[in-house]
Amino acid sequence: MPQDAQKGLAVIQQQLKELDRISQDTMETLNTASGMERVAKWKAKTVIALTEAVDQKAGQDFSRIQPGPSFTNDLVEEFTDLIDCFKIPLTALSKTLSQAGSRPLSGG
């Protein structure tokens with residue numbers, strides 16, 4: 001696996017761990033307002049990290065992710081949906097990078 005792909009995978013794994021930590025802390029305290037603020041800061045940091053470690057396209061694509069509309073009044077459910085809306089694309093990007101093997105990354 002190319003070193004660039006390894007670096008990208010390491011960054012993605014770190015960001016996923018941070019997102020899990022935010023999720024766990026928020027579920028323990030049930031302070032979803034604070035959790036959502038922390039996720040917004042995490043997202044901004046993740047966009048920069050992806051741009052630097054993977055490529056500009058990956059950072060731009062991640063920056064465009066927005067949670068869908070919520071029709072519940074359950075703040076915990078809304079928060080877990082927010083976490084999933086970022087976790088799923090990061091996990092998919094991780095799989096793409098690990099399968100890239102020796103092929104160059106596109107878009108950068």
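Residues numbered from 1 in each chain as written. Predicted model: local features only at pLDDT ≥ 70, side-chain atom pairs only at ≥ 80, totals over all residues. Heavy atoms only, no water.

Peer 1: Would you mind going over the overall build of the protein chain with me for this structure?
Peer 2: A count of helices and strands for the protein chain gives four helices and zero strands. Along the protein chain, helices and strands appear, N-terminal first, in the series α-α-α-α. For the protein chain, the proportion of its 108 residues judged to be buried stands at 35%. By sequence separation, contacts in the protein chain at least 24 residues apart represent 69% of the contacts at least 6 residues apart. When the accessible surface of the protein chain is summed, it comes to about 6700 Å², and 52% of that surface belongs to carbon and sulfur atoms. (Helix = DSSP H or I, 4+ residues; strand = E, 2+ residues; numbered from the N terminus. Buried < 20%, exposed > 50% of the residue type's maximum accessible area, 1.4 Å probe, protein only. Contact = heavy atoms within 4.5 Å. Areas by Shrake-Rupley, 256 points an atom, 1.4 Å probe, with all protein chains shown as cover.)

Peer 1: Is there a simple way to explain the environment of Ser63 in this structure?
Peer 2: Its place among the elements puts Ser63 in helix H3 (residues 56-63). In this view, Ser63 contacts Lys43 and Val47; residues no more than four positions away in its chain are not counted.

Peer 1: Would you mind going over the confidence of the model for the protein chain with me for this structure?
Peer 2: Of all residues in the protein chain, 90% have pLDDT values of 70 or greater, and the mean over the chain is 90. For the protein chain, the element scoring lowest by mean pLDDT is helix H4 (residues 75-100), at 93; helix H2 (residues 32-53) scores highest, at 97. (pLDDT = per-residue confidence, 0-100.)

Peer 1: Could you clarify how one ought to interpret the packing of aromatic side chains in this entry?
Peer 2: For any pair of aromatic rings, the description rests on two quantities: the centre-to-centre distance and the angle between the ring planes. Following the criterion strictly, the structure yields three aromatic pairs and no others. Centroid distance Trp42 to Phe62: 5.9 Å. Interplanar angle 75°. Geometry classified as edge-to-face. One end of the pair, Trp42, is in helix H2; the other, Phe62, is in helix H3, and 20 residues separate them in sequence. An identical accessibility class is assigned to Trp42 and Phe62; each is buried. These aromatic residues form a ring-pair network of at least three members: Trp42, Phe62 and Phe86. (Phe/Tyr/Trp six-rings, centres within 6.5 Å; stacked < 30°, edge-to-face > 60°.)

Peer 1: Help me out: how do you make sense of the packing of H2 against H3 in this one?
Peer 2: Each pair of packed helices can be described by the angle between their axes along with the distance between the axes. At a minimum axis separation of 7 Å, H2 and H3 run at an interaxial angle of 160°. On the basis of the axis angle, H2 is roughly antiparallel to H3. Our pair here, H2 against H3, has a crossing hand that is right-handed. Contacts between H2 and H3 pair Trp42, Lys43, Thr46, Val47, Leu50 and Thr51 from the former with Gln56, Ala58, Gly59, Phe62 and Ser63 from the latter. Here the residues of the contact of H2 with H3 are counted per class, giving five nonpolar, five polar and one charged. (Axes fitted to C-alpha atoms, helices over the stretch in contact; angles between N-to-C directions. Parallel < 35°, antiparallel > 145°, perpendicular 65-115°, else oblique. Left-handed = near helix turned anticlockwise from the far one by under 90°. Nonpolar A, V, L, I, M, F, W, Y, C, P; charged D, E, K, R; others polar.)

Peer 1: Would you explain the packing of H2 against H4 in this entry?
Peer 2: Two elements in contact, H2 and H4, have axes whose closest approach is 10 Å; the angle formed by their N-to-C orientations is 15°. As summarised for this structure, H2 and H4 are arranged roughly parallel, according to the angle between their axes. By crossing handedness, the relation of H2 to H4 is classed as left-handed. Side by side, H2 and H4 meet where Thr32, Gly35, Met36, Val39, Trp42, Lys43, Thr46 and Leu50 of the first sit next to Leu75, Val76, Glu78, Phe79, Leu82, Ile83, Phe86, Leu90 and Leu93 of the second. Residues that form the contact of H2 with H4 fall into these classes: 12 nonpolar, three polar and two charged.

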